[in-house]
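What follows is the residue order along each chain.
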Amino acid sequence: MSAPRNPGFAAAIRESFARQGMMGLLEAELASVAHGAVAIAAPIRPEVSQQQGFSHAGLAWTIGDSAAGYAALSVMDAGVEVMSVEMKINL
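Residues numbered from 1 in each chain as written. Predicted model: local features only at pLDDT ≥ 70, side-chain atom pairs only at ≥ 80, totals over all residues. Heavy atoms only, no water.

Novice: Explain the overall build of the protein chain here, please?
Specialist: Along the backbone of the protein chain there are three helices and two strands. N-terminal to C-terminal, the α/β element order of the protein chain is α-α-β-β-α. Counting only C-alpha atoms and orienting by the principal axes, one finds that the protein chain spans roughly 45 × 25 × 20 Å. Expressed as a percentage of its 91 residues, the buried residues of the protein chain come to 25%. Taking the contacts inside the protein chain whose residues are at least 6 apart along the sequence as the reference set, 48% of them involve residues at least 24 apart. Of the roughly 5900 Å² of accessible surface on the protein chain, a fraction of 58% belongs to carbon and sulfur atoms. In the protein chain, which carries 5 positive and 8 negative side-chain charges, the distance between the mean positions of the two groups comes to 4 Å. (Helix = DSSP H or I, 4+ residues; strand = E, 2+ residues; numbered from the N terminus. Buried < 20%, exposed > 50% of the residue type's maximum accessible area, 1.4 Å probe, protein only. Contact = heavy atoms within 4.5 Å. Areas by Shrake-Rupley, 256 points an atom, 1.4 Å probe, with all protein chains shown as cover. Lys, Arg positive; Asp, Glu negative; His and termini not counted. Charge placed at Lys NZ, Arg CZ, Asp CG, Glu CD.)

Pasting the structure below:
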């Protein structure tokens, strides 16, 4: 992969992530931030479980959406934003 178009992408991602109310509600955290790849982790608490006690797919969907968006942002120019308009996750 080529050099980042925005050398400050990691700081920009961390600042943006800190402003996300949903990530705070889920107690999610950035597990790793790299050029082209971002991982987000969240604890599986009773509040985000489904009826059998497993993590609700909505948790995976939500952190997957943010991780994909931030991975895209990491390869874009400074000062731009991304927004999901279509997404598919296979569980």
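Novice: Could you clarify how one ought to interpret helix 3 (residues 57-73) in this entry?
Specialist: One full turn of an α-helix is made of 3.6 residues, so residues set three or four places apart face in the same direction. The terminal C-alpha atoms of helix 3 lie 24 Å apart, and with 17 residues this matches the ideal 24 Å at 1.5 Å per residue to within 8%. Taken together, the buried residues of helix 3 touch helix 1 (9-18), helix 2 (21-25) and strand 2 (37-41). (Expected span 1.5 Å × (residues − 1).)

Novice: Can you walk me through the nonpolar core in this structure?
Specialist: The tendency in soluble globular proteins is for nonpolar side chains to be buried as a group. Counting 16 residues, the largest nonpolar core has Ile13 and Ile40 as the members making the most contacts within it. Listed by contribution, the elements that provide at least two residues to this core are helix 1, strand 1 (29-34), strand 2 and helix 3. A per-element tally of this core places helix 3 first, with five residues. If we skip the residues at most four places from it in the chain, Ile13 touches Leu30, Val33, Val38, Tyr70, Leu73 and Ser74. (Core = buried A, V, L, I, M, F, W, Y, C linked by side-chain atoms within 4.5 Å.)

Novice: Hey, could you run me through the environment of Ala11 in this one?
Specialist: Tracing the chain through its elements places Ala11 in helix 1. Relative accessible area serves as the criterion here: at 40%, Ala11 is assigned to the partly exposed category. Counting along the chain gives 38 residues from Ala11 to Ser49, while the straight-line C-alpha distance between them is 31 Å.

Novice: Teacher, can you tell me more about the pattern of salt bridges here?
Specialist: It is possible for side chains bearing opposite charge to pair when their charged atoms get close. What the rule picks out here adds up to three salt bridges. Here Arg5 and Asp77 are joined by a salt bridge, their closest N and O atoms 3.0 Å apart. Of the two residues, Arg5 sits in the segment before helix 1 while Asp77 sits in the segment after helix 3, which places them 72 residues apart along the sequence. Assessed through its relative accessible area of 37%, Asp77 is described here as partly exposed. Counted as one network, the salt bridges with shared partners bring together Glu27, Arg45 and Glu47. (Salt bridge = Lys/Arg side-chain N within 4 Å of Asp/Glu carboxyl O.)

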